[in-house]
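What the coordinates show
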Amino acid sequence: MAAVHLTPELVENPVGAYAGLRSRPGLGHVVLPGLDTPVRLVVRHDDVRAALGEPRLVRDRSTITGCELPDPQAELLAQSIEGIPPEYAMHLSGQLVLFDGDEHARRRGPLTRAFTARRVAALRPFVEKTARELIESLAERERADLLGEFAHPLSTAVICALVGVDAADRDRVCGWIRDFAYGDDSRTLEGLGGIVEYTRELVARRRAEPAEDLVSALLADGGLTDDEIVTLFFLLIDTGITPPALFLAHAVLALLDHPDQLERLRADPEQLARAVPELLRYVTLVRVGATLYATEDFVFAGTRLRRGEAVTVALFGANHDPAVYDTPERLDVTREFGRGEGHLAFGHGPHHCVGAALGRLVTGVALEELVVRPSAAPELAVDRADVPFGHWPGDGFRLLSLPVRLRS
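Scanning the protein for helices and strands turns up 18 helices and 13 strands. In terms of principal-axis extent, the alpha carbons of the protein reach across some 60 × 55 × 40 Å. Scored against the burial criterion, the 408 residues of the protein give a buried share of 56%. Across the protein, contacts joining residues at least 24 apart in sequence account for 72% of those joining residues at least 6 apart. As presented, the protein carries roughly 17700 Å² of accessible surface, and 52% of it is formed by carbon and sulfur atoms.

Below is the structure:
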């Protein structure tokens, strides 16, 4: 059967493309947006969960010797590091998501041990203060960008505080992160270089004078080299800043698109504890997961996989699987989930998002300050059709900005 060429519209449509793919026997081949290499796509919730915990599906293709099958991950990585100097590209291509087994455990272990519940909980007052200050500054304006001027600065400030960026340096480091994430080619490289050099200096300072921060904890653990700690900072930027900021903006837009759910949340703020996981499920900011490779010939989800064959998971499709969720296309801030998280927005298995607790904390605080408190209620400042979106290779559409007014 010919590969299905997915467009950004299909990738982010919870009903259309995924329903068709679920109805096909086995795992069909798809070509993700912006790529040319086909990959087998897992779309059913239970199959996605199984794939993320299957030891015969690995992230590091280099461990499968003699394999000459097409590699979509290599194509995507080549696009992401094109034009970046090798001494900086190493920090982008050495992410945890690309390792397995003992090497993954070696790199992830120190981060997991440093990313304690106590350290996350201790950030709450800082998150609350930062969110309120940002909202107060934006409320004085006729129009504000909730993504670029609230969600992204909030997420960046939180990660900088967690890592241990000194308060006096945060504006400068936040600027580099913003340029790296959103700048043009020259600004991206300048931001990348600034982050790398600053983090190297920070590691040297914390080795001499430890503090109560993540870098000091990683150094005390002793399981990582200095370059690996720099790479982990980029992991936190990639997973702890841009995705949470985008998720927060998409979550607010989802609530604005569903005024009945917004009013229900405002009428009963206690529902926020249910609304956060439901919004994570409904939005699922990372629509398609990392590429997995079969280490041997075996049958998975009714399909015989060849050794080295590429597989990826549709996290968005899994979180909208009608076999698991009642009317999954409906946003319901009172939805009750069973045991566990109730969704796969943070992944599953060995690569489950290490910062999930921090993401829930920041989202909960931000939504409480923005949505539940009547003094900061956002409304769109443009027609819904004029809200700007863009897309990245291999994924669906994402907000470029969210123009709002914060009315009292």
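Okay, the environment of Pro388 next. Tracing the backbone shows Pro388 in the loop between β10 (377-380) and β11 (389-391). On the basis of relative accessibility, which here comes to 26%, the residue Pro388 falls in the partly exposed class. Separated by 211 residues in sequence, Pro388 and Ile177 place their C-alpha atoms 22 Å apart. Discounting chain neighbours no more than four positions away, the residues touching Pro388 are Arg398, Leu399, Leu400, Ser401 and Pro403.

A few words on the environment of Asp36. Residue position: Asp36 is located in the loop between β2 (29-31) and β3 (39-42). In this structure the C-alpha to C-alpha distance between Asp36 and Ala131, which are 95 residues apart in sequence, comes to 41 Å.

This part covers the sheet that holds strand β6 (residues 292-294). Taken together, six strands build an open sheet; the order of strands is β1-β2-β3-β9-β6-β4 and the sheet is mixed. Since the sheet does not close on itself, it has two edges, and those belong to β1 (4-5) and β4 (57-58), each with one partner. Across three bridges, the pairing between β3 and strand β9 (residues 310-313) is parallel. Note that in β9 the partner of Arg40 across the bridge is Val311.

Attention now goes to the nonpolar core. Counting residues in each nonpolar core, the largest one holds 90 residues, and the members touching the most others are Phe150, Leu154, Leu255, Leu358, Leu367 and Leu402. Apart from the residues within four sequence positions on either side, Leu154 is in contact with Val127, Thr130, Ala131, Leu134, Leu248, Val362 and Ala366. The next biggest cluster of nonpolar side chains, apart from the first, holds 20 residues, and it includes Tyr18, Leu41, Leu69 and Val288.

Attention shifts here to helix α18 (residues 356-372). Taking 1.5 Å as the rise per residue, α18 with 17 residues should run 24 Å; its terminal C-alpha atoms sit 22 Å apart, in good agreement. The buried fraction of α18 amounts to 14 of the 17 residues, a majority that puts the element mostly inside the structure.

A complete count under the given rule lists 35 salt bridges for this structure. Across the salt bridge formed by Glu379 and Arg405, the nearest N and O atoms sit 3.3 Å from each other. Of this pair, Glu379 sits in strand β10 while Arg405 sits in strand β13 (residues 403-407), and the two are 26 residues apart along the sequence. What makes Arg405 partly exposed here is its relative accessible area of 34%. One network of salt bridges, in which partners are shared, links Asp166, Asp169, Arg172, Arg205, Arg206 and Asp213.

In this section: the sheet that holds β13. The three strands lie next to each other as β5-β13-β10, forming an open sheet whose pairing is antiparallel. Edge positions in the sheet fall to β5 (144-145) and β10, since each of these pairs with one other strand and no more. Alignment of β5 against β13, held across two bridges, turns out to be antiparallel. Among the inter-strand pairings, Ala144 is bridged to a residue of β13, identified as Val404.

This next bit is on the packing of aromatic side chains. Tallied over the entire structure, the rule returns three aromatic pairs. Taking 6.2 Å as the distance between ring centres and 70 degrees as the angle between the ring planes, the aromatic pair formed by Tyr18 and Phe316 counts as edge-to-face. Residue Tyr18 is located in helix α2 (residues 16-23), and its partner Phe316 is located in helix α17 (residues 315-318); the two are separated by 298 residues in the primary sequence. Note on Tyr18: relative accessible area 1%, which makes it buried. Taking 6.4 Å as the distance between ring centres and 55 degrees as the angle between the ring planes, the aromatic pair formed by Trp176 and Tyr198 counts as tilted. Linking Trp176 in helix α10 (residues 170-182) with Tyr198 in helix α11 (residues 185-208), this pair joins segments that are 22 residues apart in sequence.

What follows covers the packing of helix α16 (residues 272-283) against α18. For the pair α16 and α18, the least separation of the axes is 10 Å and the interaxial angle reads 115 degrees. Where α16 crosses over α18, the two elements pack in a sense that is right-handed. Here Leu272, Val276, Leu279 and Leu280 of α16 lie close against α18, whose contacting residues are Arg360, Thr363, Gly364, Leu367 and Glu368. Of the residues assigned to the contact of α16 with α18, the class counts are five nonpolar, two polar and two charged.

So, on to the side chain of Asp179. Position of Asp179 among the secondary structure elements: in helix α10. Apart from residues no more than four positions distant in its own chain, Asp179 is found in contact with Arg187, Thr188 and Gly191.

It is worth spelling out the side chain of Arg266 at this point. Mapped onto the fold, Arg266 is located in helix α15 (residues 259-267). Side chain to side chain, Arg266 and Glu263 meet in a polar contact 3.1 Å long. Arg266 has contacts with Val371, Ala377, Pro378 and Arg407, leaving out every residue within four places of it along the chain.

The rules behind each value
Numbering of residues begins from 1 in every chain and follows the order in which that chain's sequence is written. Only residues with pLDDT of 70 or above have their local features reported here, since the model is predicted, and side-chain atom pairs are shown and tallied only from 80 upward, although totals for entire chains, interfaces and linings are computed over all residues. As a rule here, side-chain values come from all non-hydrogen atoms in the structure, and water together with hydrogens is ignored. We count a stretch as a helix when DSSP gives it H or I for four or more residues in a row; a strand needs E for two or more, and each element gets its number in order from the N terminus. Burial classification: accessible surface area is computed with a 1.4 Å probe over protein chains only, and a residue below 20% of its type maximum counts as buried, one above 50% as exposed, and the rest as partly exposed. Here, residues are in contact when the closest pair of their heavy atoms is within 4.5 Å. Residue-level accessible areas treat just the shown protein chains as cover; the underlying method is Shrake-Rupley with a 1.4 Å probe. Here, a strand pair is defined by DSSP locating no fewer than two bridges between the strands. We define a nonpolar core as any set of buried Ala, Val, Leu, Ile, Met, Phe, Trp, Tyr and Cys residues linked to one another through side-chain atoms lying within 4.5 Å. How far a helix is expected to stretch is found by multiplying one less than its residue total by 1.5 Å. Each reported salt bridge corresponds to a side-chain nitrogen of Lys or Arg within 4 Å of a carboxyl oxygen of Asp or Glu. Centres within 6.5 Å are what make two rings of Phe, Tyr or Trp a pair, Trp counting through its six-membered ring; a difference in plane orientation under 30 degrees is then read as stacked, over 60 as edge-to-face, and the rest as tilted. Working convention: axes come from line fits to C-alpha atoms, limited for helices to the stretch in contact. Angles between N-to-C directions cover 0 to 180 degrees. Should the near helix be turned counterclockwise from the far one by less than a right angle, the crossing is left-handed, whereas a clockwise turn marks it as right-handed. Residues are grouped as follows: Ala, Val, Leu, Ile, Met, Phe, Trp, Tyr, Cys and Pro are nonpolar; Asp, Glu, Lys and Arg are charged; all remaining types, including Gly, are polar. By the criterion applied in these results, polar contacts are pairs of N or O atoms within 3.5 Å in which, for protein atoms, one can donate a hydrogen and the other can accept it, and in which residues neighboring in sequence qualify only through two side-chain atoms.

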